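# Structural features, examined
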Amino acid sequence: MPRISGPATPAVATPRHDTARTPDTSSQPASKPAGWGAGASSTSAAERREKATGVSTNVAQLSDVQKEAVVQKKATCPFIGTAVQSGGLPVRNSADKPLASIDDVARLGNTGPNSDLGEVLRLFAKGNHAQMMGMGGKLDMPVPPGTFSLDFPGSQGSHAGDSGILQSDPRAPNSGRFSDEAFARLIAGAKDGRVKRSDIGKFIAHNVMNDPRANAPGLKTAGLLIRDFAKLTGEVVEQGARKATGNSNPVESRQVYEKLTRLLGEDNLIGSAGEFGLMAALLANSPNTRQVGGEPAYSVAELTMMFKEKKFPPGWESWTKSSHDWASSTLALTVAAEKELIKEKYF
Ligand code: HEM
């Protein structure tokens, strides 16, 4: 792969509307992620860093078997796994120590009219996945700037109280695998082929209840956390807007990301609500999502596509995906889960 210095953000290829294709970023020049040695002088810095660490930010040429292994064992997220499988999110460095570009994942989240979910995806990528596999087989080596590690199990982003659908042990690297039993629990409450958002909230509650290591401090704290949450989400979007106009303040934006990631990390119930909140934001404007009893109900077929088949629902890139939908759905999921924990006398 020819090395191209300077990370000028490549223009996004206009997605052709044949269904279920992800915006084709792989045709983009494999420019280095932002910050990885932009400009002539830093190019040698990039080479020096690559030599010193043995870590490259170039797109890796993976065989289908290698890509499948990254998707199943490491990228244990219905969205990221599907983005890697479909080629929409190029894998960088290697199959053993896979990286991805933060700009690439943000671009996917910002597809569709007036979408800004990509700025929230930056949060997850920067805040939770800044460590890659080190020499000792632990996730303790800082990733190159502008990238994030695709080794999710064992990372800061994988937490107690998760569903167990895509990973057998959130603490153990490479423990990814698909569980039909756990997925069946997610869709157990489905009616007419759709799962209501509040049913996903109840599912999250039972995952927390079934994991003695899970930390869910309770409603009062949740109320406080959500207030901070809404405030911080506003700051995330503001940072995104400033970045778009070229006057972002990297230190300030890093602080916002760190604050919000800490918030999601403090309470595993809210952590899971934040992840399923992303799914709710992604499917919010799907033609297959319906309002049922005053709340959204998501298509089991589309959830199965992403969790099990690693395929994006047809037309997803043309749907509006907003940080506002993320914050409001995360709040609704948190409250539904807390109510279920109270009903089950967990508190
Ligand atoms: C629109 C984009 C995204 C959607 C729809 C999404 C959706 C989800 C969902 C629904 C889960 C819960 C899976 C479960 O509990 O079994 C999840 C888990 C996860 N996601 Fe994503 N995600 C998105 C973006 C990201 C990004 C950008 C990252 C990191 C760079 C990420 C990292 C993770 C990790 C580490 C987990 C596992 C957490 C755990 O232990 O439960 N996700 N994601």
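Let me begin by describing the structure that accompanies this report. It should be emphasised that the depicted structure is a prediction, and the values quoted were computed from it without experimental measurement.

## Topic: the environment of Lys67
Following the sequence through the fold, Lys67 ends up in helix H2 (residues 64-74). You can call Lys67 partly exposed: its relative accessible area is 22%. The contacts of Lys67, once residues within four sequence positions are left out, are Leu62, Val84, Gln85 and Gly87.

## A look at the site of the ligand
Residues in contact with the ligand amount to 24 residues; listed here are only the nearest, Cys77, His159, Asp162, Ser163 and Gln167. Residue Gln167 places a side-chain N or O atom 2.7 Å away from an oxygen atom belonging to the ligand. Elements with a contribution of two residues or more to the shell around the ligand: helix H3 (78-85), helix H5 (117-128) and helix H10 (268-283).

## Remarks on the pairing of strand S2 (residues 98-101)
Of the two faces of S2, both are covered, the one formed by Pro98 and Ala100 as well as the one formed by Leu99 and Ser101. Where strand S1 (residues 92-93) folds back on S2, the antiparallel hairpin that results is connected by four residues. Pairing geometry for S2 and strand S5 (residues 147-149), over three bridges, is antiparallel. What sits directly across from Ala100, in S5, is Phe148.

## Considering the nonpolar core
Grouped together as the largest cluster of nonpolar side chains are 60 residues, with contacts concentrated most on Phe79, Ile80, Leu89, Phe148, Leu150, Phe307 and Trp326. Phe307 has contacts with Pro78, Ile165, Leu166, Phe178, Phe183, Leu186, Phe276 and Met279, leaving out every residue within four places of it along the chain. Counting five residues, the second-largest nonpolar core is a separate cluster that includes Val55, Leu99, Met132 and Met141.

## Looking at the packing of H2 against H3
Relative orientation of the contacting elements H2 and H3 amounts to 175°, with a least axis distance of 9 Å. Compared by their axis directions, H2 and H3 come out roughly antiparallel. Only Gly81, Val84 and Gln85 of H3 make contact with H2, whose side of the interface consists of Lys67, Glu68, Val70 and Val71.

## Comments concerning the sheet that holds strand S6 (residues 194-196)
Judged by pairing direction, the sheet is antiparallel, and its three strands sit side by side in the order S6-S8-S7 without closing on themselves. Where the open sheet ends on each side, the last strands, each with one partner, are S6 and strand S7 (290-292). When the angles between neighbouring strand axes are averaged without regard to direction, this sheet yields 45°. Two elements, S7 and strand S8 (residues 295-299), share three bridges in a ladder whose sense is antiparallel.

## Description of the pattern of salt bridges
In total, this model carries twelve salt bridges according to the counting rule given. One salt bridge connects Lys74 with Asp151, and the closest N-O pair in it is separated by 2.9 Å. One end of the pair, Lys74, is in helix H2; the other, Asp151, is in the loop between S5 and helix H6 (180-186), with 77 residues separating them in the sequence. Classification of Lys74 by relative accessible area gives buried; the value is 8%. One salt bridge connects Arg92 with Asp104, and the closest N-O pair in it is separated by 3.1 Å. Linking Arg92 in strand S1 with Asp104 in helix H4 (residues 102-109), this pair joins segments that are twelve residues apart in sequence. Neither Arg92 nor Asp104 differs from the other in exposure class; each is buried. A single salt-bridge network, built from bridges that share partners, covers Arg92, Asp104 and Arg107.

Cut-offs and rules
- All chains use their own residue numbering, which begins from 1 and follows the written sequence.
- The predicted origin of the model limits local features to residues at a pLDDT of at least 70 and limits the giving and counting of side-chain atom pairs to 80 or more, whereas totals for whole chains, interfaces and linings rest on all residues.
- Hydrogen atoms and water are omitted, and side-chain values are computed over all heavy atoms in the structure.
- We count a stretch as a helix when DSSP gives it H or I for four or more residues in a row; a strand needs E for two or more, and each element gets its number in order from the N terminus.
- Think of it in three bands: residues with accessible area under 20% of the maximum for their type are buried, residues over 50% are exposed, and the middle band is partly exposed, with areas taken using a 1.4 Å probe on protein chains only.
- Contacts are assigned to residue pairs that have any heavy atoms within 4.5 Å of one another.
- Nearness of a residue to a molecule or strand requires only that one of the residue's heavy atoms be within 4 Å of it.
- Polar contact is defined as a pair of N or O atoms within 3.5 Å, subject to the rule that within protein one atom must be able to donate a hydrogen and the other to accept it, and that residues adjacent in sequence are counted only when both atoms are side-chain atoms.
- Each pair of strands is called paired provided DSSP finds at least two bridges between the two strands.
- By convention a nonpolar core is built from buried Ala, Val, Leu, Ile, Met, Phe, Trp, Tyr and Cys residues, the set being connected through side-chain atoms within 4.5 Å.
- Every angle, taken between N-to-C directions, lies between 0 and 180 degrees, and every axis is a line fitted to C-alpha atoms, over only the stretch in contact when it is a helix.
- Oblique is the label for any angle not under 35 degrees, not over 145, and not in the 65 to 115 range, which are roughly parallel, roughly antiparallel and roughly perpendicular in turn.
- Any Lys or Arg side-chain nitrogen found within 4 Å of a carboxyl oxygen on Asp or Glu counts as a salt bridge.

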